[in-house]
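Listed below, chain by chain, are the residues.
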Amino acid sequence: DNEKKEVNQRIYIGKSLRKFRKAKAKDYTQERLAEESNLSPRFINYLELNKRCVSLDNIFAIARALGIKPSEFVKEIEKDYDIWLLICDSRKRNA
């Protein structure tokens, strides 16, 4: 059960990261975000594909590069996570 939660949290991190990156500028690439956040392009790609977890240090670095507060990034992740929890609860009640 914990493994499922971890996978789903990665999904929401990737979705939020992609959303903020694309909102910054149409041509704001993963490579540019990587350069400006001092992370590797492969790591940014893996985050967006939900293949890696992100540390708090990296959330701060990514947020700085995107020109947003880390709390904005986390709030976006929380919104999606809350929706996921509602769906799971509803499925349990209907099972």
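The rules we used
- Residues numbered from 1 in each chain as written.
- Predicted model: local features only at pLDDT ≥ 70, side-chain atom pairs only at ≥ 80, totals over all residues.
- Heavy atoms only, no water.
- Helix = DSSP H or I, 4+ residues; strand = E, 2+ residues; numbered from the N terminus.
- Buried < 20%, exposed > 50% of the residue type's maximum accessible area, 1.4 Å probe, protein only.
- Contact = heavy atoms within 4.5 Å.
- Salt bridge = Lys/Arg side-chain N within 4 Å of Asp/Glu carboxyl O.
- Arc of directions from axis to C-beta.

**Student:** Sorry if this is basic, but what is going on with the side chain of Gln30 here?
**Tutor:** Residue placement: Gln30 occurs in helix H2 (residues 30-37). On the accessibility criterion, Gln30 (16% relative accessible area) is buried. Gln30 has contacts with Arg21, Ile44, Asn45 and Glu48, leaving out every residue within four places of it along the chain.

**Student:** Just checking my understanding: could you explain the pattern of salt bridges for this structure?
**Tutor:** Close approach of charged atoms lets side chains of opposite charge pair. Using the criterion set out here, one finds 4 salt bridges in the structure. Between Lys19 and Glu76 there is a salt bridge, and its shortest N-O distance comes to 2.8 Å. You can see Lys19 sitting in helix H1 (residues 2-24) and its partner Glu76 sitting in helix H5 (residues 70-94), a full 57 residues away along the chain. Looking at Lys19, the relative accessible area reads 45%, which means it is partly exposed. Two residues, Arg32 and Glu36, come together in a salt bridge whose shortest N-O distance is 3.1 Å. With Arg32 and Glu36 both in helix H2 and 4 residues apart, the pair spans about one turn of that helix.

**Student:** How should I be thinking about H2 in this particular structure?
**Tutor:** Turn by turn, an α-helix covers 3.6 residues, leaving residues three or four places apart pointing in a common direction. When H2 is considered as a whole, its buried residues turn out to be Gln30, Leu33, Ala34 and Ser37. Each buried residue of H2 sits inside an arc of 100° when the element is viewed along its axis, so together they form one side. Trailing H2 by a residue or two, Asn38 shows a phi angle of about 65°, which is positive.

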